[in-house]
Amino acid sequence: MEAVIAVFALLFLLLIGLGAYATVKAVGAAKRGVDRTIEQARRTVEDHTLRAKSFVQIGPAAEIAQLRLALRTSMRATQDALRTGAAEDESLKESLGLFERLSAHGHQLDADLRRLEAEPDRAEVSARLAELRERTERITKSADSLRRAVRDRERRFTDDDLGALSDQIDIEADALRHWTPAGPAGTPPQWTDAPAASSTAEEPPPQAITPPSARPVHPWQKKPRPESTA
């Protein structure tokens, strides 16, 4: 009896532990989902703010906003292309590693541009802007080049697959159009076009009208109901 109680107690503790583990996993997944939503909303707000600054402001402030917006747009598009492609193409994982290194430079550049936005010294802004512009061009050029290469690779695979599929379909279509008469008994029937009937062939004599009772009954036809004798 004590052994049975011990087993039930152990099972009870195991169920509690599994429930707690599932609860922690669910809470963690929900928290990650909320964090992603908040991060995406924050990025969207920042993008709209930078776009507004690039149109409304003038001079170095407008250029800094344009540089930040161009950097963020290029890096995000390349990141999405690489992550999507790497899920199906193992060879892109090395490219994804290179992008992570480039992304570190991009984050540093964005931080420098953000600090320059708040710099009150106009001379300091003008002095540093040329160098930051050149860094932005180098990083976005590398990101754009990597993204275009990924898309070219995807298009090449798609074209090759479509070409192979088209060739197979053409072969199958030709096979369906060319057939031979039926072979010996036991072989599957292979049909051929029936030759046109000769105009001089003797036509069969006309058949008498078959009475209703002698007409063949097909399996899909319903049997006639017997007339009621009532």
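Residues numbered from 1 in each chain as written. Predicted model: local features only at pLDDT ≥ 70, side-chain atom pairs only at ≥ 80, totals over all residues. Heavy atoms only, no water.

Caption draft 1: Spotlight on the overall build of the protein. Across its full length, the protein carries 4 helices and 0 strands. Each helix and strand of the protein, ordered N terminal to C terminal, gives the series α-α-α-α. Residue burial in the protein is summarised as follows: out of 230 residues, 19% are buried. Considering only residue pairs separated by 6 or more positions, the protein has 62% of its internal contacts joining residues 24 or more positions apart. With an accessible surface of roughly 18500 Å², the protein has 60% of that area assigned to carbon and sulfur atoms. (Helix = DSSP H or I, 4+ residues; strand = E, 2+ residues; numbered from the N terminus. Buried < 20%, exposed > 50% of the residue type's maximum accessible area, 1.4 Å probe, protein only. Contact = heavy atoms within 4.5 Å. Areas by Shrake-Rupley, 256 points an atom, 1.4 Å probe, with all protein chains shown as cover.)

Caption draft 2: Structural view of the pattern of salt bridges. Using the criterion set out here, one finds 15 salt bridges in the structure. With a shortest N-O distance of 3.9 Å, E131 and R128 are connected by a salt bridge. Within this pair, E131 and its partner R128 are both found in helix α4 (residues 122–177), separated by 3 residues, close to a single helical turn. Look at E131 and you get partly exposed, because its relative accessible area is 36%. (Salt bridge = Lys/Arg side-chain N within 4 Å of Asp/Glu carboxyl O.)

Caption draft 3: Quick look at the side chain of R68. By secondary structure assignment, the location of R68 is in helix α2 (residues 60–86). A polar contact of 3.0 Å, which involves the side chain of R68, links it to the side chain of E117. Once you skip the residues sitting within four places of it in the chain, R68 turns out to touch L50, D110, L113, R114 and E117. (Polar contact = N/O pair within 3.5 Å; in protein donor to acceptor, adjacent residues only side chain to side chain.)

Caption draft 4: Layout of the side chain of D144. Note that D144 resides in helix α4. Among the polar contacts listed, one links the side chain of D144 to the side chain of S74, at a separation of 2.7 Å.

Caption draft 5: Fine view of the packing of α2 against α4. For the pair α2 and α4, interaxial distance at closest approach is 9 Å and the crossing angle is 25°. Compared by their axis directions, α2 and α4 come out roughly parallel. Handedness of the α2/α4 crossing: left-handed. (Axes fitted to C-alpha atoms, helices over the stretch in contact; angles between N-to-C directions. Parallel < 35°, antiparallel > 145°, perpendicular 65-115°, else oblique. Left-handed = near helix turned anticlockwise from the far one by under 90°.)

Caption draft 6: Layout of the packing of α2 against helix α3 (residues 92–117). Where α2 meets α3, the closest approach of the two axes is 10 Å, and the angle between their N-to-C directions is 160°. As the angle between them shows, α2 and α3 are arranged roughly antiparallel. As α2 runs across α3, the sense of the crossing is left-handed.

Caption draft 7: Here's a closer look at the confidence of the model for the protein. With 62% of its residues at a pLDDT of 70 or more, the protein has an overall mean of 75. The least confident element of the protein, judged by mean pLDDT, is helix α1 (residues 2–56) at 68; the most confident is α3 at 92. Low pLDDT (under 50) marks residues 191–200, which in the prediction has 6 contacts with non-local residues, meaning those over four places away or in another chain. Contacts from residues 218–222, a stretch scored under 50 in pLDDT, to residues over four places away or in other chains number 1 contact. (pLDDT = per-residue confidence, 0-100.)

Caption draft 8: Fine view of a nonpolar patch on the surface. Residues V7, L11, L14, L15 and L18 make up a contiguous nonpolar surface patch of roughly 490 Å² in combined accessible area. Tracing the chain through its elements places V7 in helix α1. When its relative accessible area of 48% is taken as the criterion, V7 is described as partly exposed. (Patch = residues over 30% accessible without salt bridge, like charges linked within 9 Å, V, L, I, M, F, W, Y side chains within 5 Å.)

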